[in-house]
Amino acid sequence: MDATDRRLLDALRENGRASWAELGRTVGLSGPSVQERVRRLEERGIVLGYRAVVAPERVGLGTSALVGLFQRDDAETDDVVAGVRAIPAVEDCWFVAGDEELVVKVRVADVAQLEAVVGSLRRVQGVVRTRTTVVLSTRWEARPAPLPDSPKE
């Protein structure tokens with residue numbers, strides 16, 4: 001991956017709907033060259049996909065929380081993750097260092113739904129308890145981190 005690929009990735013992360021020509025102007029290449037580079041980045045697993053980013057509160061998901069999951073000592077983390085994956089309100093799941101093994105981000109309509117989801121998380125096989133932090137407001141989310149000059153592959 002060279003400097004042009006990194007500039008192209010920055011441009012795609014800024015606007016994933018940009019045309020090949022727009023991206024080409026941004027990175028100084030022709031549209032077909034950009035298309036080929038993006039195809040290679042996708043094939044190499046660097047670009048994983050494209051998605052629409054929605055305003056959660058405008059689609060009825062105004063309550064967010066981070067829930068720490070504490071698992072039994074004999075529980076397999078992969079089994080717990082599989083159980084958590086089955087709960088649609090769980091948006092993200094991270095394996096973390098600290099007291100809890102996993103932290104998940106939950107997005108729901110209201111506190112009553114949050115209570116129900118936390119109950120579902122507690123019933124996942126291998127989870128012994130949870131710790132919930134309700135998000136009062138979001139200052140920013142999903143901000144792309146700067147790409148390093150020489151990423152590990």
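Residues numbered from 1 in each chain as written. Predicted model: local features only at pLDDT ≥ 70, side-chain atom pairs only at ≥ 80, totals over all residues. Heavy atoms only, no water.

**Student:** Mind laying out the overall build of the protein chain, listing which residues take part and the relevant values?
**Tutor:** Looking only at helices and strands, the protein chain has five helices and four strands in total. Relative to the compact-globule value of 15 Å for 153 residues, the protein chain shows a C-alpha radius of gyration of 20 Å, a clear excess of over 25%. For the protein chain, the spread of C-alpha atoms along the principal axes amounts to about 55 × 35 × 25 Å. Split into buried and exposed, the 153 residues of the protein chain put 32% on the buried side. By sequence separation, contacts in the protein chain at least 24 residues apart represent 65% of the contacts at least 6 residues apart. Surface exposure of the protein chain reaches about 10,500 Å², of which carbon and sulfur atoms provide 50%. Computing the positive centroid from 22 side-chain charges and the negative centroid from 24, the protein chain places the two 5 Å apart. (Helix = DSSP H or I, 4+ residues; strand = E, 2+ residues; numbered from the N terminus. Rg over C-alpha atoms; globule rule 2.2 N^0.38 Å. Buried < 20%, exposed > 50% of the residue type's maximum accessible area, 1.4 Å probe, protein only. Contact = heavy atoms within 4.5 Å. Areas by Shrake-Rupley, 256 points an atom, 1.4 Å probe, with all protein chains shown as cover. Lys, Arg positive; Asp, Glu negative; His and termini not counted. Charge placed at Lys NZ, Arg CZ, Asp CG, Glu CD.)

**Student:** Outline the pattern of salt bridges, listing residues and values.
**Tutor:** Within this structure, the stated rule accounts for 13 salt bridges. Here Arg 131 ties to Glu 100 by a salt bridge, and the two come within 3.1 Å at their closest N and O atoms. Of this pair, Arg 131 sits in strand 4 (residues 127–135) while Glu 100 is found in the loop between strand 2 (90–95) and strand 3 (102–108), placing the two residues 31 residues apart along the sequence. Using a relative accessible area of 14% as the deciding quantity, one classes Glu 100 as buried. As a salt-bridge pair, Lys 105 and Glu 141 come within 2.7 Å of each other at their nearest N and O atoms. (Salt bridge = Lys/Arg side-chain N within 4 Å of Asp/Glu carboxyl O.)

**Student:** Explain the UniProt feature "domain: HTH asnC-type" (unreviewed entry) in the protein chain to me, and be specific about the residues and the numbers.
**Tutor:** Under the UniProt annotation, the feature "domain: HTH asnC-type" (unreviewed entry) is placed at residues 1–62. Annotated as 53% helix and 0% strand, the span residues 1–62 places its first and last C-alpha atoms 39 Å apart. (UniProt positions renumbered as here; feature names shortened; annotations may be inferred.)

**Student:** Can you lay out helix 2 (residues 20–27) for me, pointing to particular residues and giving the numbers?
**Tutor:** Along helix 2, the positions that sit buried rather than exposed are Leu 23, Gly 24 and Val 27. Burial along helix 2 is one-sided: seen end-on, the buried residues are contained in an arc of 105°. Exposed residues pointing more than 90 degrees away from the buried face of helix 2 are listed as Arg 25 and Thr 26. In the core, the buried residues of helix 2 are packed alongside helix 1 (3–14) and helix 3 (31–43). In the segment just after helix 2, Gly 28 is the residue with positive phi, at about 80°. (Arc of directions from axis to C-beta.)

**Student:** Which residues make up the sheet that holds strand 2, and what are the values?
**Tutor:** Read from one edge of the open sheet, four strands run 2-3-1-4, paired in antiparallel fashion. Each edge of the sheet is formed by a strand with only one pairing partner; in this case those strands are strand 2 and strand 4. Neighbouring strand axes in the sheet, compared pairwise and without regard to direction, differ in orientation by 20° on average. By the bridge criterion, seven bridges tie strand 1 (residues 63–71) to strand 3 in an arrangement that is antiparallel. Considered in strand 3, the bridge of Leu 66 is made with Lys 105. Helix 4 (residues 77–85) contacts strand 1, strand 2, strand 3 and strand 4 of the sheet and is inclined by roughly 0° relative to strand 3. (Pairing = 2+ DSSP bridges. Axes fitted to C-alpha atoms, helices over the stretch in contact; angles between N-to-C directions.)

**Student:** Which residues make up helix 1, and what values do they have?
**Tutor:** End to end, helix 1 covers 17 Å across 12 residues, agreeing with the expected 16 Å (1.5 Å per residue, within 8%). Summarising the contacts, the buried residues of helix 1 are in contact with helix 2 and helix 3. At the N-terminal boundary of helix 1, the capping side chain belongs to Asp 2, with an oxygen 3.1 Å from the backbone nitrogen of Thr 4. (Expected span 1.5 Å × (residues − 1). Polar contact = N/O pair within 3.5 Å; in protein donor to acceptor, adjacent residues only side chain to side chain.)

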